[in-house]
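# Breakdown of the fold
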Amino acid sequence: MNKLLNVSFVVGLMSVLSPSLALASQCDVAVPDEQTKVGETRLSVLFWDVYDARLFTTNGDFDWQQRKQQRKTLVLDYLRDIKVADLVDKTAEEWQRLGFDHQEQQQWLDTLNQIWPNIKEGDCLALVENEDGHADFYQGDKLLGTIENSTFTEQFLAIWLSPESRYEDERDELTGASS
């Protein structure tokens, strides 16, 4: 009985301490003015909240088949501390799971390892797809760096937006498919 009460207390405490999806993000300034929110979701693993994600596009809609025809912005608001090495490793793991194998993949991962910071709870990262289809990464209004390859942008966003995404329910919320 005590064990059940302890678990309930921890879960309740985490829900009180975790930021709400409705709170504004410091990365909102990176979202281009012409973009509209498509959807949002929270990724939780077991009972640990990892991040809140929001997707923006030029028309406020998202269709996987039409993904190359509009610019996208993905904002991730982190709800826990995560080391940059863990973020990069998770990116590589998801690419492998999705079957992506590009000759520049290791170079991209090395670049991410250099431009991304270690994440602290409350930090955000935003990927803004620029007019050339390249990935501009922001933390707040600070440009962290750009990966000048549209294939990178597509494969990176596929982690969240592909129909084969690991977290189907969260993908549907993010892309507006669950509306």
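Placed above this text is the structure.
Every chain's residues receive numbers from 1 upward, in the order its sequence appears when written. Since the coordinates come from a predicted model, pLDDT governs what is reported: local features require at least 70, and pairs of side-chain atoms require 80 or more to be given and counted, while whole-chain, interface and lining totals use all residues. Calculated side-chain values reflect all of the structure's heavy atoms, with hydrogen atoms and water omitted.

## Observations regarding unusual backbone geometry
- Of note, Leu46 is a non-glycine position whose phi angle comes to about 60°, a positive value.
- By the secondary structure assignment, Leu46 is in the loop between strand S1 (36–45) and strand S2 (48–57).
- According to the relative accessible area criterion, Leu46 is exposed, its value standing at 79%. Helix and strand assignments come from DSSP, with helices taken as H or I runs of at least 4 residues and strands as E runs of at least 2, each series counted from the N terminus. Burial status follows relative accessibility: with a 1.4 Å probe on protein chains alone, a residue under 20% of its type maximum counts as buried, one over 50% as exposed, and anything between as partly exposed.

## Looking at the packing of helix H2 (residues 84–98) against helix H3 (residues 105–115)
- Between N-to-C directions, angles cover 0 to 180 degrees, with each direction set by a line fitted to C-alpha atoms, over the stretch in contact for helices. In contact at an axis separation of 9 Å, H2 and H3 are set at 155° when each is read in the N-to-C sense. In terms of orientation, H2 lies roughly antiparallel with respect to H3. In the packing of H2 onto H3, the handedness of the crossing is right-handed. Here Val84, Ala85, Val88, Thr91, Ala92 and Trp95 of H2 come into contact with H3, specifically with Gln105, Trp108, Leu109, Leu112 and Asn113.
- The residue makeup of the contact of H2 with H3, split by class, is 8 nonpolar, 3 polar and no charged. Roughly parallel here means an angle under 35 degrees, roughly antiparallel means over 145, roughly perpendicular means 65 to 115, and every remaining angle is called oblique. In this scheme the crossing of two helices becomes right-handed for a clockwise turn of the near helix relative to the far one and left-handed for an anticlockwise turn of less than a right angle. We call two residues in contact whenever any of their non-hydrogen atoms come within 4.5 Å of each other. Each residue gets one of three labels, nonpolar for Ala, Val, Leu, Ile, Met, Phe, Trp, Tyr, Cys and Pro, charged for Asp, Glu, Lys and Arg, and polar for the others, Gly among them.

## Describing the sheet that holds strand S6 (residues 142–147)
- Paired strands, as defined in this entry, are two strands with at least two bridges between them according to DSSP. One open sheet holds the 6 strands; their spatial order is S1-S2-S3-S4-S5-S6, and the pairing between them is antiparallel. Both edges of this open sheet fall to S1 and S6, since each of them pairs with a single strand only. Recorded for the sheet is a direction-independent mean angle of 20° between the axes of neighbouring strands.
- Strand direction decides the pairing type here: strand S4 (residues 124–129) and strand S5 (residues 135–139), joined by 4 bridges, are antiparallel.

## Some details on the state of the cysteines
- In this description, the term disulfide denotes a pair of cysteine sulfurs within 2.5 Å. What the rule picks out here adds up to 1 disulfide.
- At a sulfur-sulfur separation of 2.0 Å, the disulfide partner of Cys27 is Cys124. In this structure, the disulfide formed by Cys27 and Cys124 twists by about 90° around the S-S bond and is classed as right-handed. Of this pair, Cys27 sits in the loop between helix H1 (2–17) and S1 while Cys124 sits in strand S4; the two residues are 97 residues apart in sequence, bridging distant segments of the chain.
- Owing to a relative accessible area of 0%, Cys124 belongs among the buried residues under this scheme.

## Things to note about H2
- Between its terminal C-alpha atoms H2 stretches 21 Å, which fits the 21 Å expected from 15 residues at 1.5 Å a residue.
- Where H2 is concerned, the buried positions are Val84, Leu87, Val88, Thr91, Glu94, Trp95 and Leu98. The arc enclosing the buried residues of H2, seen along the axis, measures out at 125°, which places them on a common side. Opposite the packed face of H2, turned more than 90 degrees from it, sit the exposed residues Asp89 and Gln96.
- Of the surrounding elements, those touching the buried residues of H2 are strand S3 (72–78), H3, S4 and helix H4 (150–161).
- Just downstream of H2 lies Gly99, where phi reads positive at about 85°. In this analysis, the expected span of each helix is defined as 1.5 Å times one less than the number of residues it contains. The directions considered for the arc run from the helix axis to the C-beta atoms.

## Observations concerning the side chain of Ser25
- The residue Ser25 is located in the loop between H1 and S1 in this model.
- Whenever two N or O atoms come within 3.5 Å, that pair is a polar contact, provided that in protein one can donate a hydrogen and the other can accept it, and provided that, for residues adjacent in sequence, both atoms are side-chain atoms. Within the structure, Ser25 has its side chain in polar contact with the side chain of Asp77 (distance 2.5 Å).
- Setting aside residues up to four positions removed in sequence, Ser25 forms contacts with Arg54, Val75, Asp77 and Cys124.

Coordinates in, geometry out; function isn't part of it.
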